[in-house]
Amino acid sequence: MRAVVMEKFGGPEVLRLAEVPDLEPRVAHEVLRVTRAGVNWADVHTRTDSYLAPMTLPCVPGNEVVGRAPDGRRLLALTRGGGYAEQAHAHRRVSWEIPDDISDDQALPLALQGQAAWHLLFTVAGVRPGESVLIPAAAGGVGSMAVQLAHAAGARVVALASTEEKRQLALDLGAAAAVDSTAEELADRVVEAAGGPVQAALEMTGGRVLRQTLGALAPRGRVAVYGYVGGRLTDLPTRLLLEKSITVSGFWLPHLYGDRAALSAGVEALFGAVRTGALRPVTGGLYPLAEAAAAHSALASRTHLGKLALNTAA
């Protein structure tokens, strides 16, 4: 089979298409014939050796796939690597049959980015109807779904995005207000747009944006941190946390892989939201498997809207 093999850490150029042996059966797993593989920031961290889990080379990146099982069922699955390939091992505990009325392209973003958005909002941050919530990168994969899910749940969404096009997309998806994430005095801009401090926030940039997000929170506000794509780790300002009684929670989706209920509940809620039209996954681009490096370059440029994916068909 064909797979994108990474033999060293580095830039997008280390992602090389190669012929590798077909996968062998594995206990409690299905061998999927992959049709779509998601491209995510976790894959960038894998490529640059900054992932939260240790990486061993050579490896095939990719943690999110859609494919067909040997019996013909279409499955959505999370993987522990190996997704950028024509075949992938999918553990039965983290794979779900896709309803007939949901396409491969609609289903794919739900495995990793959809689950992340749903659990960040409702499991970690505990967003409730009537609350205001700040959502960063609101035109990206996780952000665009978080905007829609929070809006559908009755929250007032303040979206962060770096361009007018991205801010307009967030408004079209249900945000009540959209703020330029590069603006000076960002916390003040958010509070003004929200009509007061926000009760909850998601955060994935780090550095200045994390500090400004904390400044925009109301007393007893909650922030769910799920990344640091800005590349700067930030020491939390203890005085500010105490002054406002702020709760800061970290979140990494693999910590839910062993939970028999959490991920299944999340994916069923996401399927339902797609079916009712409350959630419209935004497709940002579909690349051939051989162009995985180009997909990573597009992701890093942050100029795309929505979900990037690889088409694994020959």
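Since this is a predicted model, take the numbers as computed values, not measurements. (Residues numbered from 1 in each chain as written. Predicted model: local features only at pLDDT ≥ 70, side-chain atom pairs only at ≥ 80, totals over all residues. Heavy atoms only, no water.)

## With respect to the packing of helix α2 (residues 104-124) against helix α8 (residues 262-276)
Two measures define how a pair of helices packs: the angle their axes make with one another and the distance between the axes.
For step 1, the next point in the chain: Viewed as axis vectors pointing N to C, α2 and α8 meet at an angle of 120°, and their least axial separation amounts to 9 Å. Overall, the two elements α2 and α8 adopt an arrangement that is oblique. When you trace α2 past α8, the crossing you get is right-handed. For the pair formed by α2 and α8, the contact residues are Gln106, Leu110, Gly114, Gln115, Trp118 and His119 on the first element and Ala262, Leu263, Gly266, Val267, Ala269, Leu270, Phe271 and Val274 on the second.
For step 2, the next point in the chain: Broken down by class, the residue content of the contact of α2 with α8 amounts to nine nonpolar, five polar and no charged. (Axes fitted to C-alpha atoms, helices over the stretch in contact; angles between N-to-C directions. Helix = DSSP H or I, 4+ residues; strand = E, 2+ residues; numbered from the N terminus. Parallel < 35°, antiparallel > 145°, perpendicular 65-115°, else oblique. Left-handed = near helix turned anticlockwise from the far one by under 90°. Contact = heavy atoms within 4.5 Å. Nonpolar A, V, L, I, M, F, W, Y, C, P; charged D, E, K, R; others polar.)

## A word on the packing of aromatic side chains
For step 1, the next point in the chain: According to the stated counting rule, one finds two aromatic pairs in the structure shown.
For step 2, the next point in the chain: Note on tyrosine 51 and tryptophan 252: the rings are 5.7 Å apart at their centroids and 70° apart in plane angle, and the pair reads as edge-to-face. One end of the pair, tyrosine 51, is in the loop between α1 (41-47) and β4 (64-68); the other, tryptophan 252, is in the loop between β13 (247-250) and α8, and 201 residues separate them in sequence.
For step 3, the next point in the chain: Here the aromatic rings of tryptophan 118 and phenylalanine 122 are separated by 5.7 Å at their centres, their planes lie at 65°, and the arrangement is edge-to-face. You can see tryptophan 118 and its partner phenylalanine 122 sitting in helix α2, four residues apart, about one turn around the helix.
For step 4, the next point in the chain: In this structure tryptophan 118 comes out as buried when scored by relative accessible area, which is 19%. (Phe/Tyr/Trp six-rings, centres within 6.5 Å; stacked < 30°, edge-to-face > 60°. Buried < 20%, exposed > 50% of the residue type's maximum accessible area, 1.4 Å probe, protein only.)

## Points about the sheet that holds strand β9 (residues 156-161)
For step 1, the next point in the chain: One open sheet accounts for six strands, arranged β10-β9-β8-β11-β12-β13; its pairing is parallel. Across the chains shown, the open sheet's two edge strands, defined by having one partner strand only, are β10 (177-180) and β13. Neighbouring strand axes in the sheet, compared pairwise and without regard to direction, differ in orientation by 20° on average.
For step 2, the next point in the chain: Across the face of the sheet, helix α4 (residues 164-172) comes into contact with β9 and β10 while running at roughly 160° to β10. (Pairing = 2+ DSSP bridges.)

## Points about the side chain of histidine 45
For step 1, the next point in the chain: Within the secondary structure layout, histidine 45 lies in helix α1.
For step 2, the next point in the chain: With sequence-adjacent residues up to four places away left out, histidine 45 is seen in contact with Ser50, Tyr51 and Tyr228.

## Structural notes on helix α9 (residues 292-301)
For step 1, the next point in the chain: Among the residues making up α9, those that are buried are Ala292, Ala295, His296, Ala298 and Leu299. Considered in projection along α9, the buried side chains sweep an arc of 160° and stay on one side of the axis.
For step 2, the next point in the chain: For α9, the secondary structure elements touched by its buried residues are β1 (2-6), β2 (15-19), β3 (29-39), α1, β14 (283-288) and β15 (307-311).
For step 3, the next point in the chain: Backbone geometry just after α9 places arginine 302 at a positive phi near 55°. (Arc of directions from axis to C-beta.)

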